[in-house]
Amino acid sequence: MKNILFYGDYDCTTGFGNVSKELVNEFSKEKDFFITVFATNNHAKEPYNTAENIYAIPALSTREKGDTDLYSRKSLLKLLYNGSYSIVFCLNDIEVINQLDEHLRYVKNLRKKENKKSFKSLLYFPIDSEVRKQDLKVLSFLDEAVTYTDYGKSEVKRLIGTSASYKKLKVIPHAVSENYHKIKDFKSKLNNNKDSFLFGSINRNSVRKDYGTLLIAFSELKKQDDYKNCQLYLHCNPLDPFGINLYRLSQRLGLEVDKDIIFPEDFNENKGISESELNNIYNSFDCFITTTTAEGWGLTVHEAMMCETLVICPLHTSLTEVTNNGKVVLPIKKTSTTVYKDDLEKIRYKSDTNSVIDSMKLAFNMNSSDKAQKILEAKKFASKFKWKKTAEMFKKLIRKQIG
C-alpha cells in the first residue's frame, strides 16, 4: 500500500477545497493508494473516512496545542515525523510552503538518522502575481513542483532562470467539474423582475475579488436610461470580514437591495452550497462578471463557460491564459496595478471602472447570433480541461517517485 499524505484545504468551500476534492477522489480509485488528508479549512470535529482509502483529519480540531498557525504547519511536521508516508502532496501557495523549507529538511534528515522510511514531496501551487525570489527556496527541496499555468511557470523562470529548481517545474492545469452544464428552459428564481438583464458574480467577498469596483461600475451603468432594468446578483456574504460591507456601499451608490442588487439569503461562506445549486445560479445569469484583481486559475470563469453563460473578466495573471487570450470572453482590457493592506504586499490588478462599464454595455447589447457564437467558443475551450486527465498526470508523477 502506498501511503500518501495530502496536505491542503479539503471538504470545504474554498477554491483549494474544490481542487482537493477532485484530485483526492480520482486518487482514491488507485487501489494501492491510501490517502490521509490533513485538511486545512475543514470545520469537522473528528477525523472521518470519505471513502475506504481516504481518511480525513481536520487540522483545526486535531492540531497540536499551541499550534495557532492558520495552516497548522507545526502539526503537519509532526505527522511527517511520526507517520510512515511514501509522499506528501501539498496544495497551497508557494509562500506558505516555503516557510517550511528548513523544517521539512530537518524532519527528513532526522528520519534518515533514525533509520526511518523517508518521504518524497510534491507541491501543486498557483502563481497569481509577481513572486519574490526568496519565496522560491523550497523548490530545491521538493521532488516534484507543479504550477497551474504557463504564466506561473514564466514568473518563476523570470526570477531563477533555467536553474535545476526551474527544470523540475511542471505545469498541470486545473479542470472544470462535470456537474456544470446548461439547463434548457431554465426559469430563474433569482431576479424578481422577469424583464431584467441579470449580471452575476460568484466569488468570495474578499479584497482580492474587488467587488467595490464592480458595484461602482454597475451603479454608473444604472444611471443610463437604457440600462435601468439591469440587476446584479452577488453570491457571497455581503458582510464577510475578509471583504467590505456591501450593504453600506450599495446605500452610498444608491443601489436598492433586492431591486437593483441581490444577495443570497442566509449565506455562509464556510458551509457553501451544492454544485447542483451553483449550476442553477450560473444558469440564471445573462452574463457572468468578475473584477477580480488576481487569479491563480479562476475556476468560476470556466464553470460559467460550461453553463453556456457569457463571461466578462479582466485580462491579467492566469485569466489571460484560461480565456484563450481573451478570445472566449468579453475582456476588461484596461487595468492598473495596486497593493492592498493585509495581502502580503502582492501586486494586484484593479479593473478600470469605465472599461467594466463598456464590457457590461457590450454584453447587454450583444445580438443573439454573436452571443451564441462567443458562448459556443468558450464552452469548447473550457471543455478541454478535465479533472480525470489532470489527476492522471499527477498519478504518473506520484508513481514516478514512489513506484
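Small disclaimer: the values here were computed from a predicted structure and weren't measured.

### Overview of the overall build of the chain
What the chain contains, in helices and strands, is 15 helices and 16 strands. Viewed in the frame of its principal axes, the chain has a C-alpha envelope of about 75 × 45 × 40 Å. Across the 403 residues of the chain, 54% fall into the buried class. If you take every contact in the chain between residues at least 6 apart in sequence, the share linking residues at least 24 apart comes to 69%. Carbon together with sulfur atoms contributes 48% to the accessible area of the chain, which is approximately 18,900 Å² in total.

### Quick word on the sheet that holds strand β14 (residues 330-332)
Pairing within the open sheet is parallel, and its six strands lie in the order β11-β10-β9-β12-β13-β14. Looking at strand neighbours, the two that pair on one side only are β11 (261-262) and β14, the edges of this open sheet. Of the pairings in the sheet, the one linking strand β10 (residues 230-235) to β11 comprises two bridges and is parallel in character. Looking at β11, one finds that L232 is bridged to I261.

### Quick notes on the packing of aromatic side chains
By the definition in use, this model includes 16 aromatic pairs. Positioned above the aromatic ring of F119, the side-chain terminus of K108 is 5.6 Å from the ring centre. The residue whose ring lies beneath K116 is Y81, and the NZ or CZ to ring-centre distance is 4.1 Å.

### Looking at helix α11 (residues 299-306)
Since the α-helix packs 3.6 residues into each turn, any two residues three or four apart lie on the same face. Within α11, eight of the eight residues are buried, which leaves it mostly tucked inside the rest of the structure. Within the sequence span of α11, burial applies to L299, T300, V301, H302, E303, A304, M305 and M306. Downstream of α11 by a residue or two, E308 has a phi angle that is positive, lying close to 60 degrees.

### Comments concerning the packing of helix α1 (residues 15-27) against helix α15 (residues 387-402)
When two helices pack together, their arrangement is given by the angle between the helix axes and the distance between those axes. Put simply, α1 and α15 touch, their axes get as near as 9 Å, and they point 65 degrees apart. For the pair α1 and α15, the sense of crossing is right-handed. The residues of α15 that touch α1, namely those facing V19, E22, L23, E26 and F27, are W387, K388, T390, A391, F394, K395 and I398. Taken together, the residues that form the contact of α1 with α15 break down as seven nonpolar, one polar and four charged.

### Some remarks on the environment of L397
Mapped onto the elements, L397 comes out in helix α15. Sequence spacing of L397 and D143 is 254 residues, and the spatial spacing of their C-alpha atoms is 9.7 Å. If we ignore the near neighbours within four places in the chain, the residues touching L397 are L122, E144, V146, K170 and I172.

### Brief notes about the pattern of salt bridges
Counted under the stated rule, the structure contains 26 salt bridges. Across the pair E64 and K78 runs a salt bridge, and its minimum N-O distance is 3.0 Å. Linking E64 in the loop between α2 (59-62) and α3 (73-82) with K78 in helix α3, this pair joins segments that are 14 residues apart in sequence. We classify E64 as partly exposed; its relative accessible area is 35%. Here K346 ties to E95 by a salt bridge, and the two come within 3.5 Å at their closest N and O atoms. Taken together, the residues span a long stretch of sequence, with K346 in the loop between β15 (335-339) and β16 (347-351) and E95 in helix α4 (residues 94-98) at a distance of 251 residues. By the burial criterion, K346 is buried, and E95 matches it.

### Points about helix α10 (residues 275-284)
Where burial is concerned, most of α10 is hidden: seven out of the 10 residues are buried. Buried within α10 are the following residues: E275, L278, N279, I281, Y282, N283 and S284. Here the buried face of α10 lies against α1, β9 (197-202), β10, β12 (287-289) and α11.

### A word on the packing of α11 against helix α14 (residues 368-382)
Direction vectors running N to C along α11 and α14 enclose 120 degrees, while the axes themselves pass 8 Å from each other. Here α11 lies oblique to α14, going by the angle between them. α14 is crossed by α11, and the crossing has left-handed handedness. Seen from α11, the contacting residues are H302, M305 and M306; seen from α14, they are A378, K379, F381 and A382. Tallied by class, residues from the contact of α11 with α14 come to five nonpolar, one polar and one charged.

### A short note on the environment of K170
Structurally, K170 can be placed in strand β8 (residues 169-171). According to the relative accessible area criterion, K170 is partly exposed, its value standing at 26%. Note: C-alpha distance between K170 and Y124 (46 residues apart in sequence) is 9.4 Å. Aside from chain neighbours lying at most four places away, what touches K170 is E144, A145, V146, T147, L397 and K400.

Thresholds applied
Residues numbered from 1 in each chain as written. Predicted model: local features only at pLDDT ≥ 70, side-chain atom pairs only at ≥ 80, totals over all residues. Heavy atoms only, no water. Helix = DSSP H or I, 4+ residues; strand = E, 2+ residues; numbered from the N terminus. Buried < 20%, exposed > 50% of the residue type's maximum accessible area, 1.4 Å probe, protein only. Contact = heavy atoms within 4.5 Å. Areas by Shrake-Rupley, 256 points an atom, 1.4 Å probe, with all protein chains shown as cover. Pairing = 2+ DSSP bridges. Phe/Tyr/Trp six-rings, centres within 6.5 Å; stacked < 30°, edge-to-face > 60°. Lys NZ or Arg CZ within 6 Å of the ring centre and 35° of its normal. Axes fitted to C-alpha atoms, helices over the stretch in contact; angles between N-to-C directions. Left-handed = near helix turned anticlockwise from the far one by under 90°. Nonpolar A, V, L, I, M, F, W, Y, C, P; charged D, E, K, R; others polar. Salt bridge = Lys/Arg side-chain N within 4 Å of Asp/Glu carboxyl O. Parallel < 35°, antiparallel > 145°, perpendicular 65-115°, else oblique.

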